[in-house]
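Now for the letters of each chain:
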Amino acid sequence: MCDSESILKTASGATAQEPVIFNRDEISSFVSSFLRRRDIFLQASRQYGSPLYLVEESVLLERARQFTEVFYQALPDVRVYYAMKSNNHHLIVKTLVNAGLNLDVSSGLELQIALDSGAADIVFSGPGKTEKELTLAVENGDRTTVLIDSFGELELLQRIAAKKDTSIRAGVRLTTDINGLWRKFGIPLKDLSQFLDAAKHSNHVLIHGLQFHTSWNLDPYNQVDFIARLGNTLSKLTCEQRSIIEFIDIGGGFWPSQGEWVQSSNTAESHFSSAIKTSSTVTACHYKRHSTTIEEFARQIAKAVRTHLFPYVSCRICAEPGRWLCNDAMHLLLTVLDKKAKDLVITDAGTNAIGWERFETDYFPVINLSRPETIEHECYILGSLCTPHDVWGYSYWGKDIQPGDVLMIPTQGAYTYSLRQEFIKPLPAVVMLEKKCLRELD
Ligand SMILES: Cc1ncc(COP(=O)(O)O)c(C=O)c1O
């Protein structure tokens, strides 16, 4: 082995959470589960045109049922808020509200959609809320709890509520990492006592809880770790300070149980390789980072809550899942427009439909619904935008691929639709599959 290769291997082995090679049989059975229902997907494409976002209502409802049931069983008093930023289509939001979920919003725009959806309980979190956004929250204080992000925001909210001669229910967000970019969220744990004292003098803002959020959790380690640190801080508060805490919101960040699927370019080996400037190309191998089941998330979080929080406060636990609920409920359907080489096709959809260069690093099977077969072939599947970074994948599952073929990229519900952008090409229409019937959504 040459020097740079052995450095790469050592560094790669030393890297935590390095993905493992994704078992081909597992991908194949995932692909088969969609091929079994290819008729309905092909019908959607015929009836409503291409490209399309296809929402499966039953999947969305099933995820909502699973998540709530698991957490309701793990803890005595739980409330679940769907994080709208993960997919803000108003009918997805409404479907979840009708299923009994509450909403987590991060802007005035999202708050308005949440209010229009009929949600009875909305938490509004995020940094840099404007006066206009906070005014909307105060005007709808019967349904909105503001999760305050800073001392300055506490003052602003107090002024707005005082001007309207009313009061608003609120909580305070705690930062989970006092270093780096996550500092922008919330206040440090060390300032909690001072914040609660300041809030005591803000008679129009009624603090009732605490919130934190950690992201991209393949397992509950970060949530459990912060719960332990929070418990330590609670132990040092006065009884009076603790007595106002009616809820602790543990945020979202639950990764779906199928794990994180990545291209070879998203492995430590590939990162190191580019760092030491050897060539690195995407290979036919796919990789997977394992994630924990939602039952295990709930079990470990509940254990941490009982150990570290309940000795000091007896309160409701709130959760704000986004990705976990909507990821599997939306798929993309596109059509091959041009075959420019044996191993390069151009599709009608561009990645403006998902808003970022996701598939340069993430892997999802591109399924050829028109020529079904559970065999994967190497082929560049590219979009029709005038940028080389318009990539759907480097392979497809099927017998062959030709112009006119309908392709499916399943389980694209989270952080794609809500990041879509008007860029060069029009955006796909949205179709909902409800009880085996297709319906175009506006
Ligand atoms: C405050 C807050 N809550 C919840 C979520 C939802 O996270 P996820 O979709 O990973 O569950 C986010 C995502 O950024 C967030 O910022």
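1. Describing the overall build of the chain
- Counting secondary structure elements, the chain contains 14 helices and 20 strands.
- Since a compact globule built from 442 residues should have a radius of gyration of about 22 Å, the 24 Å found for the chain is in line with a globular shape.
- Along the three orthogonal principal directions, the C-alpha set of the chain runs to about 70 × 55 × 40 Å.
- For the chain, the residues scored as buried account for 43% of the 442 residues in total.
- For the chain, restricting intrachain contacts to residue pairs at least 6 apart in sequence, the fraction spanning at least 24 positions comes to 75%.

2. As for the environment of lysine 435
- Residue position: lysine 435 is located in the loop between β19 (429–434) and β20 (437–441).
- On a C-alpha basis, the gap between lysine 435 and glutamate 57 in space is 7.9 Å, while along the polypeptide they are 378 residues apart.

3. So, the packing of helix α6 (residues 108–116) against helix α7 (residues 131–139)
- Running from N to C, α6 and α7 point in directions that differ by 20 degrees, and their axes come no closer than 9 Å. Looking at the two axes, α6 sits roughly parallel to α7. In this structure, the crossing between α6 and α7 has a hand that is left-handed. For the pair α6 and α7, contact is made by Gly108, Leu111 and Gln112 and by Lys132, Glu133, Leu136 and Ala137, respectively.

4. Thoughts on helix α13 (residues 294–309)
- With 16 residues, α13 extends 21 Å between its outermost C-alpha atoms, agreeing within 8% with the 22 Å of an ideal straight helix rising 1.5 Å per residue.
- All buried positions along α13 are accounted for by Ile294, Phe297, Ala298, Ile301, Ala302, Ala304, Val305 and Leu309. Along the axis of α13, the buried positions cluster into a sector of 165 degrees, meaning they face one direction only.
- In this fold, the buried residues of α13 make contact with α4 (57–74), α10 (221–236), β9 (247–249), β12 (316–319) and α14 (323–326).

5. Re the domain arrangement of the chain
- Domain parsing of the chain yields domain 1 (18–54 + 327–441) and domain 2 (57–256 + 293–325).
- Across the boundary between the two partners, domain 1 contributes 14 residues, which contact 14 residues of domain 2.
- At four residues, the largest contribution of residues to the side of domain 1 that touches domain 2 is made by β19.
- Within the side of domain 1 that touches domain 2, the residues separate by chemical class into nine nonpolar, three polar and two charged.

6. Brief notes about the sheet that holds strand β6 (residues 144–148)
- Spatial strand order, β3-β4-β5-β6-β7-β8-β9-β12: eight strands in a closed barrel with parallel pairing. For this sheet, the mean angle separating the axes of adjacent strands, direction not counted, is 30 degrees.
- One ladder, built from three bridges, connects β6 with strand β7 (residues 168–173); its direction is parallel. When the sheet's bridge partners are listed, leucine 147 is paired in β7 with glycine 171.
- Here α7 sits on the sheet in contact with β5 (122–124), β6 and β7, set at roughly 140 degrees to β6.

Cut-offs applied
Residues numbered from 1 in each chain as written. Predicted model: local features only at pLDDT ≥ 70, side-chain atom pairs only at ≥ 80, totals over all residues. Helix = DSSP H or I, 4+ residues; strand = E, 2+ residues; numbered from the N terminus. Rg over C-alpha atoms; globule rule 2.2 N^0.38 Å. Buried ≥ 20, exposed ≤ 12 C-beta atoms within 10 Å, placed from the backbone. Contact = placed C-beta atoms within 7 Å. Axes fitted to C-alpha atoms, helices over the stretch in contact; angles between N-to-C directions. Parallel < 35°, antiparallel > 145°, perpendicular 65-115°, else oblique. Left-handed = near helix turned anticlockwise from the far one by under 90°. Expected span 1.5 Å × (residues − 1). Arc of directions from axis to C-beta. Domains from an automatic or database assignment. Nonpolar A, V, L, I, M, F, W, Y, C, P; charged D, E, K, R; others polar. Pairing = 2+ DSSP bridges.

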